[in-house]
Amino acid sequence: MVNRYCHKSQDFSPEAIKFKMNAISENKQTTVDFSNIELARQLFGEHNRHLKRIAEATDTDVNARGSTVFIKGESIAARLAQNVLEQLYGILKEGYPVHANDIDYAVRVLSGNDRADLKKIFLDTVFITSKKTTISPKSPAQKEYIDAMRKYDIVFGIGPAGTGKTYLAMAMAVSALTKGLVDRIILTRPAVEAGEELGFLPGDLAEKVDPYLRPLYDALHDMIRFEKVANLMQKGAIEVAPIAFMRGRTLNDSFIILDEAQNTTPEQMKMFLTRIGFNSKAVITGDITQIDLPMERTSGLIQAKNILQGIDGLKFVFFSKMDVVRHRLVQDIIDAYEKLDAAKNNEKQVNERDGSENARSENG
């Protein structure tokens with residue numbers, strides 16, 4: 001008589017049983033209890049929106065009942081989700097609000113280093129804006145950048161767009177000015193972009209260079225009320241000018257930011273770095289993958305990177321796509337362009353190798 005409950009596809013071999021037991025253990029449920037119901041509610045987000053975001057980012061199932069969270073998924077992913085929840089809860093206990101973007105930053109940081117301490121990163125307040133928004137680092141590289149600006153007189157921040165290079169430097173500059181650590185902020189950048197020449201643009205010199213300096217104004221107005229910025233600029237406490245205006249000056253008691261430094265020439269970079277006087281700090285930011293200089297010109301930022309690393313008193317901080325703090329799509333866009341550049345480099349190397357082999361065969 002055939003047992004109708006015994007399916008012929010079932011495998012009860014020791015290997016199959018071991019595999020099934022491992023699968024069960026790999027997807028066991030983890031329970032996390034939070035003692036403060038109000039903080040747990042903030043952590044979970046409206047309609048558990050934060051939990052859904054964590055679940056999506058870690059490829060786990062995350063559900064809540066009361067102030068208890070149930071996590072189900074592969075063990076490494078479940079531990080990551082638990083780590084994110086517990087560390088963000090600790091941040092909430094310190095009085096720091098958790099926003100949706102903080103979930104993404106936390107997952108990104110802890111997936112790269114599960115021993116990272118989010119409190120040391122997220123709770124390092126750089127500046128509180130006029131809108132009562134707290135500006136703080138959101139990644140280990142941003143934290144390193146902030147610490148470097150506190151410690152060193154000259155700091156280079158190099159990396160892709162959207163990593164907070166200019167914004168954090170601006171926050172540090174405004175903080176230094178409001179605390180009386182410096183007398184003025186000087187913001188500068190080269191007036192070279194997207195192949196346009198100033199001579200072909202309408203207006204006088206101020207009107208010609210203003211569009212190039214607009215991103216610096218935008219960051220300023222994000223931190224200080226518009227009227228106060230205008231007042232400080234009128235007094236000379238804040239100065240925004242193209243890099244050509246720096247020639248012949250000695251900049252004492254100043255916090256100086258050179259933005260878009262990849263578009264400086266070696267001569268401009270040398271001129272800028274030798275303007276720095278007593279009790280001054282200089283921060284140079286740029287993205288060496290977005291150079292708008294003519295092909296035959298060398299970037300001053302690349303040259304500085306090659307010859308100045310290792311000098312005491314200055315610091316280079318490098319950012320990657322993992323530090324992007326703009327829209328979530330920006331990181332994917334940067335990744336796509338990096339893959340395109342890598343494919344082009346591989347194709348170039350193959351063509352060069354084939355060319356050298358053909359030359360050798362012809363000579364032979």
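All figures in this text were calculated on a predicted structure; none of them were measured in a lab.

Trainee: Can you walk me through the packing of helix H4 (residues 75-93) against helix H5 (residues 100-112) in this structure?
Mentor: Two measures define how a pair of helices packs: the angle their axes make with one another and the distance between the axes. Contact geometry for H4 and H5: axes closest at 10 Å, N-to-C directions at 125°. Between H4 and H5, the angle is such that the two are oblique. Crossing angle aside, the handedness with which H4 passes H5 is right-handed. Here Leu80, Asn83, Val84, Gln87 and Leu88 of H4 come into contact with H5, specifically with Ile103, Ala106, Val107, Leu110 and Ser111.

Trainee: Can you help me understand the packing of helix H2 (residues 37-44) against helix H3 (residues 49-58) in this one?
Mentor: Where H2 contacts H3, the two axes come as close as 5 Å, and the packing angle between them is 55°. What the angle tells us is that H2 and H3 run oblique. Contacts from Gln42, Leu43 and Phe44 in H2 reach Arg49, His50 and Leu51 in H3. Within the contact of H2 with H3, the residues separate by chemical class into 3 nonpolar, 2 polar and 1 charged.

Trainee: Which parts of the structure should I look at to understand the sheet that holds strand S2 (residues 61-65)?
Mentor: Within a sheet, each strand pairs with its neighbour through backbone hydrogen bonds, oriented either parallel or antiparallel. One open sheet accounts for 3 strands, arranged S1-S3-S2; its pairing is antiparallel. Looking at which strands have only one partner, the edges of the open sheet turn out to be strand S1 (29-33) and S2. Taking the axes of each pair of neighbouring strands and ignoring which way they run, one obtains an average angle of 20° across the sheet. Taken together, the 5 bridges between S1 and strand S3 (residues 68-72) define a ladder with antiparallel strand orientation. Looking at S3, one finds that Gln29 is bridged to Lys72.

Trainee: Explain the layout of surface pockets here, please?
Mentor: Empty pockets left among the atoms are what a rolling probe the size of a water molecule brings to light. Considering only enclosed or pocket space, the second largest pocket measures out at about 480 Å³ in volume. Per-element tally for the lining of the second largest pocket: the top contributor is helix H13 (residues 328-363), with 9 residues. Along the lines of polarity and charge, the residues of the lining of the second largest pocket split into 10 nonpolar, 5 polar and 6 charged.

What counts, and at which threshold
Residues numbered from 1 in each chain as written. Predicted model: local features only at pLDDT ≥ 70, side-chain atom pairs only at ≥ 80, totals over all residues. Heavy atoms only, no water. Axes fitted to C-alpha atoms, helices over the stretch in contact; angles between N-to-C directions. Helix = DSSP H or I, 4+ residues; strand = E, 2+ residues; numbered from the N terminus. Parallel < 35°, antiparallel > 145°, perpendicular 65-115°, else oblique. Left-handed = near helix turned anticlockwise from the far one by under 90°. Contact = heavy atoms within 4.5 Å. Nonpolar A, V, L, I, M, F, W, Y, C, P; charged D, E, K, R; others polar. Pairing = 2+ DSSP bridges. 1 Å grid on protein atoms, 1.4 Å probe; cavity = no way out; pocket = protein on both sides within 12 Å on 5 of 7 lines; lining within 4 Å. Points joined across faces, edges and corners; volume = space filled by probe spheres on them.

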